[in-house]
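# Structural overview
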Amino acid sequence: MRNSSVKKSAYETLLKNKILSAFLVLLIIGFVLSILIPPQILKYIIDYNFAKKTSDGLIGTAVFYVLIVFLIGILDFLKEAIL
């Protein structure tokens, strides 16, 4: 019986806060997708810069990596703020 009251309460809360709930879902999707990007950037840096012993485009890739990590932090902060 207790479990159904929790489900009912959660459902009612989601219905009352439709816009906030939708924004939270979008933030979570964005956060999960953005977490997948840094390992791919590091793979690119290792394969195309370190393995070939070249520094062509390394600064731009490093800046992009830092920006993605910063974006992850912002999305995580917003997600926690809404929760």
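Everything in this summary refers to the structure shown in the same document. As the structure is a prediction and not an experimental result, all values here were calculated from the model.

We now examine the side chain of Thr61. As for its position among the elements, Thr61 is in helix H4 (residues 58–82). On the basis of relative accessible area, Thr61 is assigned to the buried category, the value being 14%. Thr61 has contacts with Ile41, Tyr44 and Ile45, leaving out every residue within four places of it along the chain.

The geometry of helix H2 (residues 18–35) relative to helix H3 (residues 37–50) is characterised by a closest axis approach of 4 Å and an angle of 20° between their N-to-C directions. The angle between H2 and H3 falls in the class roughly parallel. Where H2 abuts H3, its residues Leu33, Ser34 and Ile35 lie against Ile37, Pro38 and Pro39. Residue classes in the contact of H2 with H3 are distributed as five nonpolar, one polar and no charged.

So, about unusual backbone geometry. One non-glycine residue, Lys53, adopts positive backbone phi at about 55°. What makes Lys53 exposed here is its relative accessible area of 77%.

With that settled, consider H3. Here H3 is 14 residues long and its end C-alpha atoms lie 19 Å apart, about the 20 Å a rise of 1.5 Å per residue gives. Residues Pro38, Ile41, Ile45 and Asn49 constitute the buried set of H3. One face of H3 carries all of its buried residues, which in axial projection span an arc of 55°. Where H3 is buried, its residues touch H2 and H4.

With seven residues, the main nonpolar core is built from Leu27, Phe31, Ile41, Ile45, Ile68, Ile72 and Leu75. Element by element, the count of residues in this core is highest for H4, at three residues. Not counting the four nearest positions on each side in its chain, Leu75 is found in contact with Leu27, Gly30, Phe31 and Ser34.

What follows deals with a nonpolar patch on the surface. On the surface, Val25, Ile29, Leu33 and Leu36 cluster together into a nonpolar patch covering about 380 Å² of accessible area. Structurally, Leu33 can be placed in helix H2. Taking the relative accessible area as the measure of exposure, Leu33 reaches 51% and is therefore exposed.

Another point: the environment of Ser34. On the secondary structure map, Ser34 appears in helix H2. Expressed as a C-alpha distance, the spacing of Ser34 and Val6, which sit 28 residues apart in the sequence, is 32 Å. Setting aside its immediate chain neighbours within four residues, Ser34 contacts Ile68, Leu71, Ile72 and Leu75. Here the side chain of Ser34 touches Phe31 through a polar contact of 2.9 Å, landing on its backbone oxygen.

Reading the values: rules and limits
- Residues numbered from 1 in each chain as written.
- Predicted model: local features only at pLDDT ≥ 70, side-chain atom pairs only at ≥ 80, totals over all residues.
- Heavy atoms only, no water.
- Helix = DSSP H or I, 4+ residues; strand = E, 2+ residues; numbered from the N terminus.
- Buried < 20%, exposed > 50% of the residue type's maximum accessible area, 1.4 Å probe, protein only.
- Contact = heavy atoms within 4.5 Å.
- Axes fitted to C-alpha atoms, helices over the stretch in contact; angles between N-to-C directions.
- Parallel < 35°, antiparallel > 145°, perpendicular 65-115°, else oblique.
- Nonpolar A, V, L, I, M, F, W, Y, C, P; charged D, E, K, R; others polar.
- Expected span 1.5 Å × (residues − 1).
- Arc of directions from axis to C-beta.
- Core = buried A, V, L, I, M, F, W, Y, C linked by side-chain atoms within 4.5 Å.
- Patch = residues over 30% accessible without salt bridge, like charges linked within 9 Å, V, L, I, M, F, W, Y side chains within 5 Å.
- Areas by Shrake-Rupley, 256 points an atom, 1.4 Å probe, with all protein chains shown as cover.
- Salt bridge = Lys/Arg side-chain N within 4 Å of Asp/Glu carboxyl O.
- Polar contact = N/O pair within 3.5 Å; in protein donor to acceptor, adjacent residues only side chain to side chain.

Geometric descriptors of this kind do not, in isolation, establish any biological role.
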